[in-house]
Amino acid sequence: MSDNIDTSWRHVTDLCGKTVVVTGCASGIGRATALQYASAGATVYGGDVNEAAGEAALAEIRAAGGQGRFFKLDLTDGASVDAFVDSVVETIGDAPDILANVAGLDRVMPFLENTPDVWELLIKVNYLGPVRMIHRFLPRMVARRSGKIVTVASDAGRVGSSGETFYAGTKGAIIAFTKSLARETARAGLTCNCVAPGPTDTPLFNGTIPDGKLRDALIKAIPLKRLAQPVEIAHTVVFLSTPATDFMTGQVVSVSGGLTMHG
Ligand SMILES: NC(=O)c1ccc[n+]([C@@H]2O[C@H](COP(=O)([O-])OP(=O)(O)OC[C@H]3O[C@@H](n4cnc5c(N)ncnc54)[C@H](O)[C@@H]3O)[C@@H](O)[C@H]2O)c1
């Protein structure tokens, strides 16, 4: 190789030897993210309420030569979050180098049709669960003065989305939380960022907006004229976990095919 080629890029995107927790690893963006972390060299600790599919994702990683383990996680249940954190800490002997909060839940309906049990469920999965997990891992990250926290929010939390009013509120909450956490933890050298996907081809999206006129109209409105593939969101999550982004914190990066453009 020529002496003139700077190979530092390879080093700032390498995650060999790093440990990462990925929630929502059983499906969609979380599954793609777990696979991409493994391909970047990290050891993956996956959590999901769907045990069979979560175990299968981790088995796929190991079959491809990667490393990792699955632990059951129900973000609606504080005791389950605590047990998950304890299992990870016991296995690694520390908090992970990287925490990727990807799991999430949506219920699409007019706000006037919401019932309080929908609010309870969404706030637990999309906000309180990740907050509890961060709160449990954080003391170890702060003590060792390193850690990267990446949370998958949504463009709904930045620009709103009809039929997703309460969901958008939970995503706006995790965005505001992440920005404040970034400020509080910067002195310890941590970074905290969000990825805000636009419409992405996953079971969650396909379940809420199946083939039909609404889906076609939405795709037409996206400047790049297609849905995102889960791996395209995963790439940004992984990027925000690498040393290439050591000077980025408190940021929200939209990956939406240009559907949203933020100043
Ligand atoms: N797909 C989209 O268009 C889109 C757009 C914007 C944001 N997002 C966000 O991306 C993230 C991933 O969504 P996706 O589209 O891949 O959905 P998905 O349904 O394919 O995957 C979500 C995963 O979260 C898990 N999960 C749900 N409830 C849980 C709980 N109580 N405890 C633990 N795990 C739980 C599910 O089992 C599933 O494996 C979510 O945070 C979602 O809000 C998705």
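For the structure itself, consult the block above.
Residues numbered from 1 in each chain as written. Predicted model: local features only at pLDDT ≥ 70, side-chain atom pairs only at ≥ 80, totals over all residues. Heavy atoms only, no water.

Caption draft 1: A look at the side chain of D48. Here D48 lies in strand 2 (residues 43–48). Notably, D48 is buried but unbridged: the nearest opposite-charge side chain belongs to K72, and the N-O separation is 8.9 Å. There is a polar contact of 3.3 Å between the side chain of D48 and the backbone nitrogen of C25. Only 2.8 Å separates the side chain of D48 from the backbone nitrogen of N50, close enough to count as a polar contact. Residues contacting D48, with those up to four places away along its chain left out, are G24, C25, A26, F70, F71, K72 and L73. (Helix = DSSP H or I, 4+ residues; strand = E, 2+ residues; numbered from the N terminus. Buried < 20%, exposed > 50% of the residue type's maximum accessible area, 1.4 Å probe, protein only. Lys, Arg positive; Asp, Glu negative; His and termini not counted. Salt bridge = Lys/Arg side-chain N within 4 Å of Asp/Glu carboxyl O. Polar contact = N/O pair within 3.5 Å; in protein donor to acceptor, adjacent residues only side chain to side chain. Contact = heavy atoms within 4.5 Å.)

Caption draft 2: Region of interest: the site of the ligand. The immediate surroundings of the ligand are formed by 29 residues, with S27, I29, D48, Y167 and T202 found nearest. Within the backbone of A103, a nitrogen or oxygen atom sits 3.5 Å from an oxygen atom of the ligand. The separation between an oxygen atom of the ligand and a polar side-chain atom of T202 is 2.6 Å. Every element with two or more residues in the shell around the ligand is listed here: helix 2 (28–39), helix 7 (165–185) and helix 8 (203–208). Of the residues in the shell around the ligand, the class split is 16 nonpolar, ten polar and three charged. (Near = heavy atom within 4 Å. Nonpolar A, V, L, I, M, F, W, Y, C, P; charged D, E, K, R; others polar.)

Caption draft 3: Highlighting the pairing of strand 3 (residues 67–72). One ladder, built from six bridges, connects strand 2 with strand 3; its direction is parallel. Its bridge partner lying in strand 3, Y45 is registered against R69. For the crossover from strand 2 across helix 3 (residues 51–63) to strand 3, the handedness is right-handed. (Pairing = 2+ DSSP bridges. Right-handed = clockwise from strand over helix to strand, strands pointing away.)

Caption draft 4: Representation of a nonpolar patch on the surface. Taken together, the side chains of F111, L112 and W119 make up a nonpolar region of the molecular surface, amounting to roughly 360 Å² of accessible area. Looking at the element boundaries, L112 is found in the loop between strand 4 (98–101) and helix 5 (116–144). Residue classification places L112 among the exposed positions, given a relative accessible area of 84%. (Patch = residues over 30% accessible without salt bridge, like charges linked within 9 Å, V, L, I, M, F, W, Y side chains within 5 Å. Areas by Shrake-Rupley, 256 points an atom, 1.4 Å probe, with all protein chains shown as cover.)

Caption draft 5: Quick look at the pattern of salt bridges. Taken as a whole, this structure holds eight salt bridges when the rule is applied. Between D246 and K148 there is a salt bridge; the shortest N-O distance is 2.9 Å. Remark: K148 occurs in strand 5 (residues 148–152) and D246 occurs in the loop between helix 10 (230–239) and strand 7 (252–255); sequence separation between them is 98 residues. On the accessibility criterion, D246 (48% relative accessible area) is partly exposed. Residue class for K148 comes out buried when judged on its relative accessible area of 10%. In this structure, E232 engages R226 in a salt bridge whose closest nitrogen and oxygen atoms are separated by 2.8 Å. Looking at E232, the relative accessible area reads 28%, which means it is partly exposed. Among the charged side chains, a salt-bridge network with shared partners connects D82, D86, R132 and R136.

Caption draft 6: Expanded view of helix 5. With 29 residues, helix 5 should reach 42 Å at 1.5 Å per residue; the first-to-last C-alpha distance of 41 Å fits that figure. The largest bend in helix 5 comes to about 50°, at K124. For helix 5, the elements touching its buried residues are strand 1 (19–23), helix 4 (78–92), strand 4, strand 5 and helix 7. Count one or two residues on from helix 5 and you reach R145, which has phi positive near 65°. (Expected span 1.5 Å × (residues − 1). Bend = angle between axes of the 7 residues up to and from the residue.)

Caption draft 7: Highlighting the nonpolar core. V21, L99, M133, F137 and I149 are the most contacted members of the largest nonpolar core, which totals 33 residues. Contributions of two or more residues to this core are made by helix 4, helix 5, helix 7 and strand 6 (191–197). Take this core: its biggest share by element is seven residues, from helix 5. Apart from the residues within four sequence positions on either side, F137 is in contact with V21, V85, V88, V89, A95, P96 and L99. Among the nonpolar cores identified, the runner-up in size contains 26 residues, and A38, A40, I98 and A228 belong to it. (Core = buried A, V, L, I, M, F, W, Y, C linked by side-chain atoms within 4.5 Å.)

Caption draft 8: The arrangement of the pairing of strand 4 in detail. The two faces of strand 4 match: I98 and A100 on one face and L99 and N101 on the other face are all buried. Strand direction decides the pairing type here: strand 4 and strand 5, joined by four bridges, are parallel. Paired with N101 across the strands is T151, a residue of strand 5. Of the crossover connections in this fold, the one passing from strand 4 over helix 5 to the parallel strand 5 is right-handed.

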